[in-house]
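Secondary and tertiary structure notes
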Amino acid sequence: MLEAAIRVADRGGVEAITMRRVAQELGVEAMSLYHHVPNKDAILDGVVDMVFAAIKLPGVECDDWRDAIRTRASSARVILSQHSWALGLMDSRRHPGPATLRHHDAVLGVLREAGFTLPMAAHAVSLIDSYIGGFVLQEANLPMTTPDDVEEVASGILRHLPAEELPYLTEMIRDHALRPGYDYTSEFSYGLDLILDALEARRRAPRSGSCDESQSGFV
């Protein structure tokens, strides 16, 4: 049933998940679903847990915590790109399932075992997940998915761009986006490495005991 609900959402977004549509996907009557789940919210909780279960868990055995988090972040990006409708749903559930809880615990475990203080670990989770979610949303809405698409779109923009008025944008398109082999998807790894390196530098820095270290927006 949950697999059917995910297929429905992949086609029509999370708002398409209704008891009726899931039942249609399964070829059964909607009322029969109530023998398995009490309501639609239970289905939403379940599909979120399945999405979390598909994301590769980071391992605390990695020599460098950044490798563990990088692996998890890359996996999350792939899975969420396939199910981008889940982005707005994953943090909204009041009854997270076992895979969701196990996932969060594993991520926090990598950071805590690496020496992050509890507030720093919370900050790191918030920052990394915001980056992953934001990149997936941006990538999903870009009018290009392949290097050929990039060349077509960028060339079209460049043809109508007033180079003298917008010299830096012209330079970016001409000398960066249109260079042979440019692939926008590589931006994910570049940005993620910047975040992880900055967190590592903060982890190694002497602790000042400032109020910023003791306060966290992570719940």
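Everything quoted here is computed from the prediction, not taken from an experiment.

Once that is clear, we can look at the overall build of the chain. Across its full length, the chain carries eleven helices and zero strands. Of the regular secondary structure in the chain, the N- to C-terminal order runs α-α-α-α-α-α-α-α-α-α-α. A globule of 219 residues ought to have a C-alpha radius of gyration of about 17 Å, yet the chain, at 21 Å, is considerably larger. Taken along the three principal axes of its C-alpha coordinates, the chain extends 65 × 50 × 30 Å. Burial analysis of the chain (219 residues in total) assigns 38% to the buried set. Long-range pairs, those at least 24 residues apart, make up 70% of the contacts in the chain with a sequence separation of at least 6. Accessible surface, the chain: about 13100 Å² in total, of which carbon and sulfur atoms supply 54%. Put simply, the chain has 21 plus and 32 minus side-chain charges, and the middle of one group is 5 Å from the middle of the other.

Moving on, we get to the layout of surface pockets. Leftover empty space is mapped by rolling, across the atoms, a probe with the size of a water molecule. Each pocket or cavity is described by its volume, and for the largest pocket that value is around 730 Å³. Lining the largest pocket are 31 residues; nearest its centre among them are Phe52, Met90, Asp91, His104 and Asp129. Of all the secondary-structure elements, those providing two or more residues to the lining of the largest pocket are helix H3 (40–54), helix H4 (65–82), helix H5 (87–90), helix H6 (98–113) and helix H7 (118–141). The element contributing the most residues to the lining of the largest pocket is H7, with eight residues.

So, on to H3. Since there are 3.6 residues in each turn of an α-helix, residues three or four apart along the chain are aligned in direction. Compared with the 21 Å implied by 1.5 Å per residue over 15 residues, the 21 Å span of H3 between its first and last C-alpha is a close match. All of the buried residues in H3 are Ile43, Leu44, Asp45, Gly46, Val47, Val48, Asp49, Val51 and Phe52. Summarising the contacts, the buried residues of H3 are in contact with helix H1 (2–12), helix H2 (19–26), H4, H5 and H6. The backbone nitrogen of Asp41 has a side-chain oxygen 3.2 Å away, supplied by the residue at the start of H3, namely Asn39.

What follows deals with the pattern of salt bridges. One pass over the full model with this rule turns up 13 salt bridges. Between Arg7 and Glu25 there is a salt bridge, with the nearest N and O atoms lying 2.9 Å from each other. One end of the pair, Arg7, is in helix H1; the other, Glu25, is in helix H2, with 18 residues separating them in the sequence. Arg77 is the partner of Glu139 in a salt bridge, and the nearest nitrogen-oxygen pair spans 2.7 Å. Placement of Glu139 in helix H7 and of Arg77 in helix H4 is noted, with a sequence separation of 62 residues between them. Neither Glu139 nor Arg77 differs from the other in exposure class; each is buried. Each of Arg7, Arg11 and Glu25 takes part in salt bridges that share partners, so that together they form one network.

At a closest axis distance of 11 Å, the pairing of H4 and helix H10 (residues 186–204) adopts a crossing angle of 145 degrees. In the crossing of H4 with H10, the sense of the turn from one axis to the other is right-handed. Every residue of H10 that contacts H4 at Trp65, Arg66, Ile69, Arg70, Ala73, Ser74 and Arg77 is listed here: Phe188, Leu192, Asp193, Leu196, Asp197, Leu199, Glu200 and Arg203. Grouping the constituent residues of the contact of H4 with H10 by class yields seven nonpolar, one polar and seven charged.

Looking now at the environment of Leu80. Residue position: Leu80 is located in helix H4. Leaving out residues up to four positions away in the same chain, Leu80 has contacts with Val51, Ala86, Leu87, Met90, Ile132 and Val136.

Time to look at the nonpolar core. Core analysis: the biggest nonpolar cluster contains 55 residues, and Trp65, Leu111 and Phe116 have the highest contact counts within it. Element by element, the count of residues in this core is highest for H7, at nine residues.

The rules behind these values
Residues numbered from 1 in each chain as written. Predicted model: local features only at pLDDT ≥ 70, side-chain atom pairs only at ≥ 80, totals over all residues. Heavy atoms only, no water. Helix = DSSP H or I, 4+ residues; strand = E, 2+ residues; numbered from the N terminus. Rg over C-alpha atoms; globule rule 2.2 N^0.38 Å. Buried < 20%, exposed > 50% of the residue type's maximum accessible area, 1.4 Å probe, protein only. Contact = heavy atoms within 4.5 Å. Areas by Shrake-Rupley, 256 points an atom, 1.4 Å probe, with all protein chains shown as cover. Lys, Arg positive; Asp, Glu negative; His and termini not counted. Charge placed at Lys NZ, Arg CZ, Asp CG, Glu CD. 1 Å grid on protein atoms, 1.4 Å probe; cavity = no way out; pocket = protein on both sides within 12 Å on 5 of 7 lines; lining within 4 Å. Points joined across faces, edges and corners; volume = space filled by probe spheres on them. Expected span 1.5 Å × (residues − 1). Polar contact = N/O pair within 3.5 Å; in protein donor to acceptor, adjacent residues only side chain to side chain. Salt bridge = Lys/Arg side-chain N within 4 Å of Asp/Glu carboxyl O. Axes fitted to C-alpha atoms, helices over the stretch in contact; angles between N-to-C directions. Left-handed = near helix turned anticlockwise from the far one by under 90°. Nonpolar A, V, L, I, M, F, W, Y, C, P; charged D, E, K, R; others polar. Core = buried A, V, L, I, M, F, W, Y, C linked by side-chain atoms within 4.5 Å.

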